[in-house]
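Each chain, letter by letter, is given below.
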Amino acid sequence: AQSVTQPDIHITVSEGASLELRCNYSYGATPYLFWYVQSPGQGLQLLLKYFSGDTLVQGIKGFEAEFKRSQSSFNLRKPSVHWSDAAEYFCAVGVGGNKLVFGAGTILRVKS
Amino acid sequence: AAGVIQSPRHLIKEKRETATLKCYPIPRHDTVYWYQQGPGQDPQFLISFYEKMQSDKGSIPDRFSAQQFSDYHSELNMSSLELGDSALYFCASSLGGYEANYGYTFGSGTRLTVV
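All values derive from a computational prediction rather than experimental measurement. (Residues numbered from 1 in each chain as written. Chains lettered and ligands numbered in written order. Predicted model: local features only at pLDDT ≥ 70, side-chain atom pairs only at ≥ 80, totals over all residues. Heavy atoms only, no water.)

Colleague: Would you mind showing me how to read the nonpolar core here?
Modeller: Residues Leu 19, Trp 35, Leu 47, Leu 48, Phe 74, Leu 76 and Tyr 89 of chain A are the most contacted members of the largest nonpolar core, which totals 27 residues. Where this core is concerned, the elements lending two or more residues are β2 (10-14), β3 (19-21), β5 (32-38), β6 (44-50), β8 (64-68), β9 (73-78), β10 (87-94) and β12 (106-111) of chain A. If you tally residues by element for this core, the top one is β10 of chain A, at four residues. Discounting residues that sit within four places of it in the chain, Leu 47 of chain A has contacts with Trp 35, Tyr 36, Val 37, Gly 59, Ile 60, Lys 61, Phe 63, Leu 76 and Tyr 89 of chain A. Within the second largest apolar cluster, 22 residues are counted, among which are Leu 21, Val 32, Ile 47 and Cys 91 of chain B. (Core = buried A, V, L, I, M, F, W, Y, C linked by side-chain atoms within 4.5 Å. Buried < 20%, exposed > 50% of the residue type's maximum accessible area, 1.4 Å probe, protein only. Helix = DSSP H or I, 4+ residues; strand = E, 2+ residues; numbered from the N terminus. Contact = heavy atoms within 4.5 Å.)

Spelled out as structure tokens, the structure:
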């Protein structure tokens, strides 16, 4: 069955430090992969997506993610975190029929 | 730009009552998706509609039903509510059914609390 694993439930980083959020997926075919961000009381906002091609994907708000097929991973990175990046981040895989399967999410805290 | 509108934003119901959640897609979008996000959980796909017909069904209880109307808005009807139905319910919309290639836009959600 398709699944997404985000091993870190919470991550705390200092403002200005770099960030990497981990995501591993299990899917038989070539995956469509996504990262969404959810601020408290808000909907899910798409940060970036990978369908094919260049394995390093640039997204909004300075985020990027790298698809590594050999590791079944799609980790999200940002070189310098801002306090406004504090939110919950969800990795997701498209499983056909335009359905998404989400990971459990990683809550990012930013300390000043 | 217009976004996906969900109403109400918050809803409190008692056990065994009925709730109706509404979703108004982005203008010209013809596909609607419903997801349920329990407390501390990841969003789970419930059901989707394309051109007013159900296109896919996920882990939606039999107590729930949904439809998409001629103006493409969708309603999720939930009967015999249980405490476990307390969750954030997201609607998303896209254009072109499966051709949308996951080109979703999510609404801000309806938070349902069952007491």
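We are not done yet, so read on.
Colleague: Could you clarify how one ought to interpret the interface of chain A and chain B in this entry?
Modeller: How large an interface is tends to be reported as the accessible area lost when its parts come together. Listed per partner, the contact involves 20 residues of chain A and 20 residues of chain B. Here chain A packs against chain B, burying approximately 1700 Å² in sum over the two surfaces, 54% of which is carbon and sulfur. At the junction of chain A and chain B, the tally comes to one salt bridge. Across the pair Lys 99 of chain A and Asp 56 of chain B runs a salt bridge whose closest N-O atoms are separated by 3.3 Å. There are eight residue pairs in polar contact (both at pLDDT 80 or more) connecting chain A and chain B. Among the elements that line the side of chain A that touches chain B, the one with the most residues is β5 of chain A, at four residues. Of the residues belonging to the side of chain A that touches chain B, the class tally is ten nonpolar, nine polar and one charged. (Buried area = accessible area lost by both parts, 1.4 Å probe. Salt bridge = Lys/Arg side-chain N within 4 Å of Asp/Glu carboxyl O. Polar contact = N/O pair within 3.5 Å; in protein donor to acceptor, adjacent residues only side chain to side chain. Nonpolar A, V, L, I, M, F, W, Y, C, P; charged D, E, K, R; others polar.)

Colleague: Please clarify how the side chain of Gln 6 of chain A should be interpreted in this entry.
Modeller: Residue and element names in this part refer to chain A. Secondary-structure assignment places Gln 6 in the loop between β1 (3-5) and β2. On the accessibility criterion, Gln 6 (7% relative accessible area) is buried. In terms of polar contacts, Gln 6 uses its side chain to reach the backbone amide nitrogen of Gly 105, at 3.1 Å. In this view, Gln 6 contacts Arg 22, Trp 35, Tyr 89, Phe 90, Cys 91, Gly 103, Ala 104, Gly 105 and Thr 106; residues no more than four positions away in its chain are not counted.

Colleague: Would you mind going over the side chain of Asn 98 of chain A with me for this structure?
Modeller: Position of Asn 98 of chain A among the secondary structure elements: in the loop between β10 and β11 (100-102). In this structure the side chain of Asn 98 of chain A is engaged in a polar contact, spanning 2.7 Å, whose partner is the backbone nitrogen of Tyr 102 of chain B. In contact with Asn 98 of chain A, not counting residues within four places along its chain, are Tyr 33, Tyr 35, Gly 97, Tyr 98, Ala 100, Asn 101, Tyr 102 and Tyr 104 of chain B.

Colleague: So what exactly am I meant to see when it comes to the state of the cysteines here?
Modeller: Each disulfide consists of a covalent bond between the sulfur atoms of two cysteine residues. Residue and element names in this part refer to chain A. A complete count under the given rule lists two disulfides over all chains for this structure. Between the sulfur atoms of Cys 23 and its disulfide partner Cys 91 the distance amounts to 1.9 Å. Between Cys 23 and Cys 91, the S-S torsion sits near -65°, and that sign places the bridge as left-handed. Taken together, the residues span a long stretch of sequence, with Cys 23 in the loop between β3 and β4 (24-26) and Cys 91 in strand β10 at a distance of 68 residues. (Disulfide = S-S within 2.5 Å.)

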